[in-house]
Amino acid sequence: LIGYPPDTVLGIFLSACGYIMWAFLPAFVAVLSAHERLDYVSAATVVGRVVFIALGTAVLLSGQGFIALIIAGLLSIPIEIGVVVWAIRRYGLATRRFTIAPRLWLALIQGGIPFGMIALTLQVAYSIDSVMLSLFSTPSIVGWYGVAYGLILSLVSIFSGFKEAIVPSLSR
């Protein structure tokens, strides 16, 4: 609506597809966290990052552009999910069989709406500044801003990781 080029719109669409895949990961991570298997949570994160770094480096060195870089990032998500699911199965941490119960969907969706709204507003809050900046600045300035903002979020995630590691132990 604000006149981005078609390749930028495609990149945004592909990134949004990544959020759909990312939506499955927290449920599996919760199973591992509940059993205090944060070693596998960390291992999955590291594997996902290493795959993205390897694929991303190959894409950047070959000069294929940012769409290929987004696709490289998307390819790392199922691998990360696979590591977590493998760990759950290996140690028998999922005690219930996977079943699909459509009659529960409406209640789950209704119960999840507040959490979905929180996640949506947080995502908008984390990214609206870049969109607004892109209306008034060059793409390189927006890129540098994004890198700096990402660095700050990475530093904050160190404390978040500590919190996620300590809560199951303290709960026990």
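Here goes a summary of the coordinates provided. (Residues numbered from 1 in each chain as written. Predicted model: local features only at pLDDT ≥ 70, side-chain atom pairs only at ≥ 80, totals over all residues. Heavy atoms only, no water.)

### A look at the pattern of salt bridges
Two side chains of opposite charge can pair, provided their charged atoms sit close to one another. Counting across every chain of the model gives two salt bridges. We note a salt bridge from Asp39 to Arg37, for which the minimum N-O separation is 2.6 Å. The partly exposed category is assigned to Asp39, whose relative accessible area is 42%. Residue class for Arg37 comes out partly exposed when judged on its relative accessible area of 23%. For Arg49, the salt bridge goes to Glu80, with nearest N and O atoms at 3.4 Å. Of the two residues, Arg49 is situated in helix 3 (residues 38-62) and Glu80 in helix 4 (residues 66-90); the sequence distance between them amounts to 31 residues. (Salt bridge = Lys/Arg side-chain N within 4 Å of Asp/Glu carboxyl O. Buried < 20%, exposed > 50% of the residue type's maximum accessible area, 1.4 Å probe, protein only. Helix = DSSP H or I, 4+ residues; strand = E, 2+ residues; numbered from the N terminus.)

### Description of helix 3
For helix 3, with 25 residues, the first-to-last C-alpha span of 36 Å sits near the 36 Å given by 1.5 Å per residue. Every buried residue of helix 3 is listed here: Leu38, Tyr40, Val41, Ala44, Gly48, Val51, Gly56 and Val59. Backbone geometry just downstream of helix 3 places Gly63 in the positive-phi region, at approximately 70°. (Expected span 1.5 Å × (residues − 1).)

### A look at the nonpolar core
By size, the foremost hydrophobic cluster in this structure holds 18 residues, and its most contacted members are Leu32 and Val84. Among the elements of the structure, helix 2 (25-34), helix 3 and helix 4 are those that each provide at least two residues to this core. Here this core gets nine residues from one element, more than from any other, and that element is helix 4. When residues no more than four places from it in sequence are discounted, the contact partners of Leu32 are Arg37, Tyr40, Val41, Val84, Ala87, Ile88 and Leu93. (Core = buried A, V, L, I, M, F, W, Y, C linked by side-chain atoms within 4.5 Å. Contact = heavy atoms within 4.5 Å.)

Taken by themselves, the reported measurements are silent on function.
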